Amino acid sequence: MRTKEFSCIVIMLFTIFILVKAEVYIVTVEGEPITSYRGGVNGFEATAVESDEKIDTTSELVTSYARHLEQKHDMLLGLLFERGSYKKLYSYKHLINGFSVHITPEQAETLRRAPGVKSVERDWKVRRLTTHTPQFLGLPTGVWPTGGGFDRAGEDIVIGFVDSGIYPHHPSFASHHDDPYGPVPKYSGKCEVDPDTKRSFCNGKIIGAQHFAEAAIAARAFNPAVDFASPMDGDGHGSHTAAIAAGNNGIPVRMYGHEFGKASGMAPRARIAVYKALYRLFGGFVADVVAAIDQAVHDGVDILSLSVGPNSPPATTKTTFLNPFDATLLAAVKTGVFVAQAAGNGGPFPKTLVSYSPWITSVAAAIDDRRYKNHLNLGNGKILAGLGLSPATHGNGTFTLVAANDVLLDSSVKKYSPSDCQRPEVLNKNLVEGNILLCGYSFNFVVGTASIKKVSETAKSLGAAGFVLAVENVSPGTKFDPVPVGIPGILITEVDKSLDLIDYYNTSTSRDWTGRVKSFKAIGNIGDGLMPILHKSAPQVALFSARGPNIKDFSFQDADLLKPDILAPGSLIWAAWSPNGTDEANYVGEAFALISGTSMAAPHIAGIAALVKQHHPHWSPAAIKSALMTTSTTLDRAGRPLLAQQYSETEAMKLVKATPFDYGSGHVNPRAALDPGLIFEAGYEDYLGFLCTTPGIDKHEIMNYTSKPCNYTTGHPSNFNTPSITVSHLVKTQTVVRTVTNVAAEETYVISARMDPSVAIEVNPPALTLRPGASRKFSVSLTARSVTGTYSFGEICMKGSRGHKVRIPVVAQGYWR
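In this text, all values refer to a predicted model and were calculated from it rather than measured experimentally.

Asker: Would you mind going over the overall build of the chain with me for this structure?
Answerer: Assigned secondary structure in the chain consists of 20 helices and 41 strands. Taking the principal axes of the C-alpha coordinates as reference, the chain spans close to 90 × 90 × 60 Å. Working note: accessible area of the chain is about 32,100 Å², and carbon and sulfur atoms make up 53% of it. Separation between the mean location of the 76 positive side-chain charges and that of the 74 negative ones in the chain comes to 2 Å.

This is the structure we're talking about:
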């Protein structure tokens, strides 16, 4: 009996050891996925789609071939490993042919050596890349009327969100009873049911809702108590991005009894399809994200919004353009899906992008024209500027200032960091009531263990007239955002202003020999910070927005492709929030949030792309991307060149002249994008040509991910037909070629070019006349005049006789050889 018990224990321990050691791997295998299968397997007819063509997922050809692929995946694993020693998580059938599986590193090595296996990559993590903007972008007057008004803007366009889910009960996602949504025949996504309420997550506005967590569960990162095993947004981020792109129009943004305006999505009538693959505490895993994208394309979305990017490079992939994530998106674009991805939040440093590939529209973040400022008036006549999205203190009177450290109930509570004002129970209500409470902005606020919302709650519960948070030292990279609060409050962000406050407070406050306060004599009042100030010096590139140059491999060698592609609002964006969300400590339990990130910029482009798609239903993803890029602007509202936030030598923030590495082609101009005149078209074979001509990319790797040999050549990756030109290694003279297609009436374009002096530029021919639908080539010659060790910037401008303006950025770095 003992022997039997012992052997059971050994087996259990061995199983636990295997499980702990096991990891998730993404495997690709021989054989074409549905989107590129052209026949050849006995009994299964071709299912391939041409460039920009949707899959008919309901056809028996597609469903039977999908079953065949899944059976092959199961058979391979069954032949190699004992039942119970592995767990297959997903079969990928539509965009790439492969699967994800939970196995040990030794089993992964066995898989690598197995016949028919192309690649085995250990899964890696991804993270979130964390209103007034419709008016700022001119949508209500310039774009929505062309689509039938806001109540038709984006009609029947389906935007898929691979994010943290959605809070379906928010008014931004309500289905209108007076103008109900009809079915969308081309979309076939499922709607999960809320396990608690047993109600569907869908309502007509939301037409698909699914969650993907198999890799997160296998990695033991998933906690159903906080992460929700459903499409429910446990974070807030997914609801925010969905509302920016496609939230209903005219939703009042109310907090603490004040209305901060009305929120609207870019395409308020577009439909929302939710593919939850990101979670509250850990972000997400590529295996889940790839499954979500695969499902979204199968279901028939028109546009994908991705506010997600890798935490680090994949473990085994050398090139940035080829890995399961980017290869899946390449296949998605092949089926006609437009993809907007956040560029990343690693700015303002160079080479911080997390979105690299030419088939993706990579979006940088801009600050729009709205600023929230406030001020503190002191009894000595000084006025200290700060941030405070709050009402003013009552009347015109002044109030006594009391510092948190001077109103402690007992000195033993100092272990609780009382100056943070997070715990009202350690402060003396009798001394705080009716006065302004002074608190210290410590490192706890930076890491998120303290919040301005909690300071406000503390001050309110003690009966304070208001509060002041003073920053005494600033870590490099600290970003201060205004936070809406229900009582008067202000954050003093400049250290010298905080020192002015502390000095005034100390000289006005009398103490006994022990340091205890005898009388509080410092006085002040807080201004009204509820109304935004509109600036003409907008847009500007946000400090956090990731910068180019783009890289072609994880040795950080420069790519001959400009990234980011475009700039869109991404700083201090009001949009829907999930009351469950804890992603932002200042908005816990709230229905709206004012947050920043390239995460907020990407859905702006996804929503605007929906408006372009509605206007031009047959345009390819490349055509939509081209229209957005060539019509963008490099000037701010005052007509001056765009500026970018940057660090100065003292690590304070300064403004510098922005370059294409900051903004790509420029800031989006939605109205102009509807009628671009010319487009730079590109399809699947063009993307393959780019990959096949990029030096250093292994041709076998291209074959692994695309199932295509390198029969396509453009001579040089700079010849890829994108609406920008980048030559990272310019020796002597290089000529690149572009092809434009006329999408308007017959027009003659005069072509001009300018460039920084260290590179000469010449365009041929100097003019083009194009009939409707016609395409013409032009060439651009770049010559290195001098070698400066830095990039030179310029642009090509094509002015049409009917008023169209088509502009593309040019970037080159000269070398002697």
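There is more to say, and it comes next.
Asker: Could you clarify how one ought to interpret helix H13 (residues 452-461) in this entry?
Answerer: Helical geometry note: an α-helix holds 3.6 residues per turn, so side chains three or four residues apart project in the same direction. When we look at burial in H13, the residues that qualify are Ile452, Lys453, Val455, Ser456, Thr458 and Ala459. Summarising the contacts, the buried residues of H13 are in contact with strand S20 (436-441), helix H12 (443-447), strand S21 (466-471) and strand S22 (489-492). Just past H13, the residue Gly463 takes up positive phi, approximately 80°.

Asker: Mind showing me how you'd approach the state of the cysteines here?
Answerer: By definition, a disulfide links the sulfur atoms of two cysteines through a covalent bond. All chains considered together, the criterion is met by three disulfides. For Cys692, the disulfide goes to Cys710, at an S-S distance of 2.0 Å. A torsion of -85° about the S-S bond marks the disulfide between Cys692 and Cys710 as left-handed. You can see Cys692 sitting in helix H19 (residues 684-693) and its partner Cys710 sitting in the loop between helix H20 (699-706) and strand S34 (725-731), a full 18 residues away along the chain.

Asker: I would appreciate a short explanation of the pairing of S21 in the present structure.
Answerer: Moving residue by residue along a regular strand, the side chains alternate between the two faces of the sheet. Most of S21 is tucked away, with six of its six residues classed as buried. The two faces of S21 match: Gly466, Val468 and Ala470 on one face and Phe467, Leu469 and Val471 on the other face are all buried. By the bridge criterion, six bridges tie S20 to S21 in an arrangement that is parallel. Among the inter-strand pairings, Cys439 is bridged to a residue of S21, identified as Leu469. For S21 and S22, the ladder comprises four bridges, and the chain directions are parallel. Along S22, the bridge assignment pairs Ala470 with Ile492.

Asker: How should helix H9 (residues 286-299) be read in this particular structure?
Answerer: An ideal rise of 1.5 Å per residue puts 20 Å on 14 residues; H9 measures up with 20 Å between its terminal C-alpha atoms. Counting buried positions along H9 yields 13 of 14 residues, so the element is predominantly enclosed. Gly300 sits one or two positions beyond H9 and adopts a positive phi of about 105°.

Asker: What is the right way to read the sheet that holds strand S39 (residues 775-784) from this model?
Answerer: Pairing between the strands of a sheet is mediated by backbone hydrogen bonds and can be parallel or antiparallel. Judged by pairing direction, the sheet is antiparallel, and its four strands sit side by side in the order S33-S35-S39-S37 without closing on themselves. Both edges of this open sheet fall to strand S33 (678-679) and strand S37 (759-764), since each of them pairs with a single strand only. Sheet topology note: the S37/S39 ladder contains six bridges and is antiparallel. Within S39, the residue paired with Asn764 across the bridge is Ser779.

Asker: In this structure, what is going on with the sheet that holds strand S25 (residues 523-526)? I would like to understand it.
Answerer: The seven strands are arranged S18-S17-S25-S19-S20-S21-S22 in an open sheet whose pairing can be described as mixed. Here the strands that pair on one side only, and so sit at the sheet edges, are strand S18 (383-386) and S22. Ignoring strand direction, the axes of neighbouring strands in this sheet form an average angle of 30°. Where H13 meets the sheet, it contacts S20, S21 and S22, and its direction lies at approximately 140° from that of S21.

Asker: Before we go on, may I ask you to explain the packing of aromatic side chains in this structure?
Answerer: If you walk through the whole model with that rule in mind, you get 21 aromatic pairs. Ring centres of Phe349 and Tyr647 lie 5.8 Å apart, and the angle between their planes is 40°; this geometry places the pair in the tilted category. Of the two residues, Phe349 is situated in the loop between strand S14 (338-342) and strand S15 (361-367) and Tyr647 in strand S31 (residues 643-647); the sequence distance between them amounts to 298 residues. What makes Phe349 partly exposed here is its relative accessible area of 44%. Through successive ring pairs, a cluster of aromatic residues spans Phe321, Trp359, Tyr687, Phe690 and Phe720. The cationic tip of Arg269 hangs over the ring face of Tyr181; the distance from NZ or CZ to the ring centre is 3.9 Å. In this structure, Lys334 is placed above the aromatic ring of Tyr684, and the distance from its NZ or CZ to the ring centre is 4.6 Å.

Here is what the cut-offs are and how they apply
- Every chain is numbered independently, its residues counted from 1 as its sequence is written.
- Confidence filtering applies because this is a predicted model: local features only for residues at pLDDT of at least 70, side-chain atom pairs given and counted only at 80 or more, and all residues used for totals across whole chains, interfaces and linings.
- Here the side-chain values reflect all heavy atoms present in the structure, with hydrogen atoms and water set aside.
- The numbering of helices and of strands both runs from the N terminus, where a helix is a DSSP run of H or I of at least 4 residues and a strand a run of E of at least 2.
- The Shrake-Rupley method, run with a 1.4 Å probe, gives the accessible areas here. Residue values count only the displayed protein chains as cover.
- We treat Lys and Arg as the positive residues and Asp and Glu as the negative residues; His and chain ends play no part in the count.
- To locate a charge, take atom NZ for lysine, CZ for arginine, CG for aspartate or CD for glutamate.
- Each residue's exposure class comes from its accessible area (1.4 Å probe, protein chains only) as a fraction of the maximum for that residue type: buried when under 20%, exposed when over 50%, partly exposed otherwise.
- Throughout, a residue-residue contact means that at least one pair of heavy atoms, one from each residue, lies within 4.5 Å.
- We call a pair of cysteine sulfur atoms a disulfide whenever their separation is within 2.5 Å.
- Only strands that DSSP links by at least two bridges are regarded as paired with each other.
- Each residue after the first adds 1.5 Å to the expected span of a helix.
- Note on geometry: axes are lines fitted to C-alpha atoms, helical ones only across the stretch in contact, with angles between N-to-C directions running from 0 to 180 degrees.
- Any pair of Phe, Tyr and Trp rings, taking the six-membered ring for Trp, is counted once the centres come within 6.5 Å. Such a pair is stacked with planes under 30 degrees apart, edge-to-face with planes over 60 apart, and tilted for the rest.
- Criterion for a charge above a ring: Lys NZ or Arg CZ within 6 Å of the ring centre, and within 35 degrees of the ring normal.

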